[in-house]
Amino acid sequence: TAEYSVGQVLAIRQTCALIAVLPYIHWVTGWPALRVVNRAGVALRSLFFIGTTWLIVSSFAVLPLPLVTAIAFSSPIFIVALSTLVLGERVGPRRWLAVMAGFTGVLVIVRPGGSAFEPVLILPVLAALSSGFRDLVTRRLARTDTSIAILFWSMLAVAVASAFAASADWKPVTTGAALAMMG
């Protein structure tokens, strides 16, 4: 992201990921496995996936990798906390204690209100929240749609949205940068 826009990085990354998945679809699951039953659910998951990937890559552009990674790993905290509201699941006292301990850890890292707090620290927190919602939607979708359909259509959505967003400032990609993005 030091040389290329977030959209361009994501467009190349997701296109490569889609190409890598195509042989699996062709030889393992078959093309009918891409049929979507819950279109609204897949569309919602795709929106959360777009948000998550954009927020994570944007975070990497402005914050150190270990910090972003530590904060982004808080998404399971959001999953547990939101599973009661979104999925109607019961969360016991031990899990709530774990959520509170994990959230305390996130607060220690982010330090809101402290002198070291920077507003950009909200980016990976929002990425974790978006990731949590994406995973909750995925759990609901797993009841009606195949995992490969859920993955494929979400990946395609990120690739298309990213390519569209990057079209205005697309730059030629060096071989080294292309390999890094594909990796």
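Residues numbered from 1 in each chain as written. Predicted model: local features only at pLDDT ≥ 70, side-chain atom pairs only at ≥ 80, totals over all residues. Heavy atoms only, no water.

Q: Can you walk me through the overall build of the protein in this structure?
A: Along the backbone of the protein there are 8 helices and 0 strands. Each of the three principal axes of the protein carries a C-alpha extent, and together these read 45 × 40 × 25 Å. Scored against the burial criterion, the 183 residues of the protein give a buried share of 39%. Carbon together with sulfur atoms contributes 70% to the accessible area of the protein, which is approximately 10,200 Å² in total. The distance from the centre of the 13 positive side-chain charges to the centre of the 6 negative ones in the protein is 12 Å. (Helix = DSSP H or I, 4+ residues; strand = E, 2+ residues; numbered from the N terminus. Buried < 20%, exposed > 50% of the residue type's maximum accessible area, 1.4 Å probe, protein only. Areas by Shrake-Rupley, 256 points an atom, 1.4 Å probe, with all protein chains shown as cover. Lys, Arg positive; Asp, Glu negative; His and termini not counted. Charge placed at Lys NZ, Arg CZ, Asp CG, Glu CD.)

Q: Just checking my understanding: could you explain the environment of Leu-10 for this structure?
A: The topology assignment puts Leu-10 in helix α1 (residues 6-29). Since its relative accessible area comes to 1%, Leu-10 is described here as buried. Here the alpha-carbon distance between Leu-10 and Ala-166, two residues 156 residues apart in the chain, equals 9.0 Å. Excluding its chain neighbours within four sequence positions, the residues that come into contact with Leu-10 are Thr-53, Trp-54, Val-57 and Ser-162. (Contact = heavy atoms within 4.5 Å.)

On their own, these measurements won't tell you what the molecule is for.
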